[in-house]
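Here is how the chains run, residue by residue.
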Amino acid sequence: MNRLRTTALIAAAVTALGGAPANAAQPFSDTVFAATHNSYSGNVDGAKGSISYQLDHGVRFIEFDIHDNGYATRHDYGIGHSSPGDLVDHAGNPASDRLRDWLAAVNTWSAAHPDAAPIVVMLDLKDDLTDNDSFAAGNLAAVNAELSAAFGPRLLSPAAYRTGATTDSLRGKVLPLLSGDGGTRAAYRRDVGYHPAVAINSRGQVVEVHDSGGGALWYWTGQLGADGRVAWRRHGRYDSGQTPAVALDDSGRIVEVHQSQSAATLWYHTGQLGADGEIAWSASHQYDNGVLPTVAFTSSGLREIHRSQASDQNWQWRGTLSGGTVTWTGNAKTSDPRYDKANAGRISVTTGADGSTPAQTLRYSTDLVAGGRVQYQQVAFDEYQQGDPAELKDGLFYGAPAKDSAFLVAARKSGHVVRGWDFDDAGLATDPLVNYPATNHPYDDWYRQLTKDAAR
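Treat the numbers as computed from the prediction; the structure is a model and nothing was measured.

**Quick word on the environment of Val 434**
- Relative to the elements of secondary structure, Val 434 occurs in the loop between β24 (417-421) and β25 (436-439).
- For Val 434 and Leu 408, which are 26 residues apart along the polypeptide, the C-alpha to C-alpha distance reads 6.8 Å.
- Leaving out residues up to four positions away in the same chain, Val 434 has contacts with Val 32, Leu 408, Arg 412, Val 418, Gly 420 and Phe 423.

**Quick notes on helix α4 (residues 99-112)**
- For α4, which comprises 14 residues, the first-to-last C-alpha distance of 20 Å matches the rise-based estimate of 20 Å (1.5 Å per residue) to within 8%.
- Buried residues of α4: Leu 99, Trp 102, Leu 103, Val 106, Asn 107, Trp 109 and Ser 110, and no others. Down the axis, α4 shows its buried residues gathered within 160° of arc, on one side only. Exposed side chains of α4 directed beyond 90 degrees from the buried face belong to Thr 108 and Ala 112.

**Quick word on helix α5 (residues 140-151)**
- Compared with an ideal rise of 1.5 Å per residue, which puts 12 residues at 16 Å, α5 spans 17 Å between its outermost C-alpha atoms and is within 8% of the ideal.
- Buried residues dominate α5, accounting for 9 of its 12 residues.
- Those residues of α5 not exposed but buried are Leu 140, Ala 141, Ala 142, Val 143, Asn 144, Glu 146, Leu 147, Ala 150 and Phe 151.
- As for α5, its buried residues are in contact with α3 (71-74), α4, β4 (119-125), β5 (174-180), α6 (182-189) and β9 (230-240).
- Two to three positions downstream of the cap, the backbone nitrogen of Ala 141 sits 3.1 Å from a side-chain oxygen, assigning the N-cap of α5 to Asn 139.

**Description of the layout of surface pockets**
- Taken as a whole, the largest pocket encloses approximately 700 Å³ of empty space.
- In terms of lining residues, the largest pocket is bounded by 24 residues, among which Ala 159, Gln 375, Tyr 376, Gln 377 and Gln 378 are the most central.
- Only β9, β21 (372-373) and β22 (381-384) provide two or more residues apiece to the lining of the largest pocket.
- Broken down by element, the lining of the largest pocket gets its largest block of residues, 3 residues, from β9.
- For the lining of the largest pocket, a count of residues per class yields 11 nonpolar, 7 polar and 6 charged.
- Residue assignment places the lining of the largest pocket across two domains, with domain 1 (28-187 + 378-455) and domain 2 (191-373) each supplying three or more.
- Estimates place the volume of the second largest pocket at around 320 Å³.
- Contributions of two or more residues to the lining of the second largest pocket are made by α6, β7 (205-211) and β8 (216-224).
- Here the lining of the second largest pocket is built from residues that sort into 8 nonpolar, 8 polar and 3 charged.

**Some remarks on the environment of Thr 430**
- Here Thr 430 lies in the loop between β24 and β25.
- Separated by 140 residues in the primary sequence, Thr 430 and Gly 290 place their C-alpha atoms 64 Å from one another.

**Remarks on the pairing of strand β16 (residues 301-307)**
- Among the 7 residues that make up β16, 5 are buried, leaving the element largely enclosed by the rest of the structure.
- Pairing of strand β15 (residues 291-298) with β16, which is carried by 6 bridges, proceeds in the antiparallel orientation. Pairing of Thr 298 across the sheet is with Gly 301, part of β16.
- With 6 bridges joining them, β16 and strand β17 (residues 314-322) adopt antiparallel strand pairing. By the bridge assignment, Arg 303 is partnered in β17 with Arg 318.
- Remark: 6 residues form the turn of the hairpin made by β16 and β17, two consecutive strands paired antiparallel.

**Concerning the confidence of the model for the protein chain**
- Looking at the protein chain as a whole, the pLDDT averages 94, with 94% of positions reaching at least 70.
- Across residues 1-22, confidence stays below pLDDT 50; counting only partners more than four residues off in sequence or on other chains, it has 28 contacts.

**Quick look at the pairing of β7**
- Burial within β7 is extensive, with 7 of its 7 residues counted as buried.
- With burial as the criterion, each face of β7 is covered, one bearing Gln 205, Val 207, Val 209 and Asp 211 and the other bearing Val 206, Glu 208 and His 210.
- With 5 bridges joining them, strand β6 (residues 194-200) and β7 adopt antiparallel strand pairing. Opposite Ile 200, over in β7, you have Val 206 as the bridge partner.
- What sits between β6 and β7 in their antiparallel hairpin is a turn of 4 residues, with Gly 204 showing a positive phi close to 80°.
- Looking at chain direction, β7 and β8 are connected through 7 bridges and run antiparallel. Residue Val 206 lies in a different strand from β8, and its bridge partner there is Gly 222.
- Following β7, the chain reverses through 4 residues before pairing antiparallel with β8; Gly 213 in that reversal takes a positive phi of roughly 85°.

Conventions adopted
Residues numbered from 1 in each chain as written. Predicted model: local features only at pLDDT ≥ 70, side-chain atom pairs only at ≥ 80, totals over all residues. Heavy atoms only, no water. Helix = DSSP H or I, 4+ residues; strand = E, 2+ residues; numbered from the N terminus. Contact = heavy atoms within 4.5 Å. Expected span 1.5 Å × (residues − 1). Buried < 20%, exposed > 50% of the residue type's maximum accessible area, 1.4 Å probe, protein only. Arc of directions from axis to C-beta. Polar contact = N/O pair within 3.5 Å; in protein donor to acceptor, adjacent residues only side chain to side chain. 1 Å grid on protein atoms, 1.4 Å probe; cavity = no way out; pocket = protein on both sides within 12 Å on 5 of 7 lines; lining within 4 Å. Points joined across faces, edges and corners; volume = space filled by probe spheres on them. Nonpolar A, V, L, I, M, F, W, Y, C, P; charged D, E, K, R; others polar. Domains from an automatic or database assignment. Pairing = 2+ DSSP bridges. pLDDT = per-residue confidence, 0-100.

Written out as structure tokens, the structure reads:
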């Protein structure tokens, strides 16, 4: 872009902003804000200053690169570029590399400036979090919990955002945003699985189990609300096998049964559902041979029905659950059908595409909801980038390197909130300008002029 064109674009941007705070009626998606790239790196990489300094000087987009390395011992994600601690500037910032300490720095500033324009806090996921197989191991439920704890009522979730919201209507809010690893961002929006089963008790507590199609067994827990939607709370892997089924009683006791992945052997787990939605699982025990097991708590106690591995004959067991162990008795043939493990009355589960999601997307239905996704609570927004799974295209935020002008302009014109990173030269300005020109040099004259008064 030539210098004349750049100067014209800068003048147009400033003119549009009127040289003053954004108009109260101006949509958030049309506003330009000062933004930094790798905000945690301060003056170690670029010239940004501390997080509080950046916010004091109008920056309204903060980026934290995070890693899950060492999560099991740190019990938190690590801030850094290529690894925890890499290119981190601690001057004026938290002394640690723990994410929660850096989120707290943003929250402290936000609490002290309730009339400030909304702050986007982006977590650039440098690692694949889908292989973290529990909350304790740092999966996406742990990310949600950390964001919610950090920002409390200031956090604005995707469900709370209204199309056409003005910048003024969002003052004092913090919008979390996930970027980085594409597979993790897709997994945040939906889960996939095979042979799902579900159970619900009279308290509306829900447990779903399924297999991966490749030998892993996974669970979700949730709470059914008055609106018919399930708030899915915890997710994790609990064993290996296939075709699982699950039963849940009103005290939160769980019995799960499944078939081995490589043989016609049947196994069971017991578990206890905690107040936090986590399940304390017992070790697995073999109880029979067979295929396609199902299980339920009935008025007469625990009952399991499966099919013979050699014929279409169904067999049953009666069970007594005590101290984390099931005592199985009464093994016999039965003419009763196996339980409909995917339908628990008040809730059912299935698999199927939801728009552009995969065919094995896990879905649930209740009397008020048809085909909802079994997914993490959408505490954070997610960013769509070129090459990402198609199901991420319907989000609010788009992003690309600042040099990818065609992508950025198209996204901006289609109404998305757009970030261009490594925005370190006035010649990278586009028409229209990206909402968040994420730079390493936010105090250079050309940049200050470009974003003048936009982030008050």
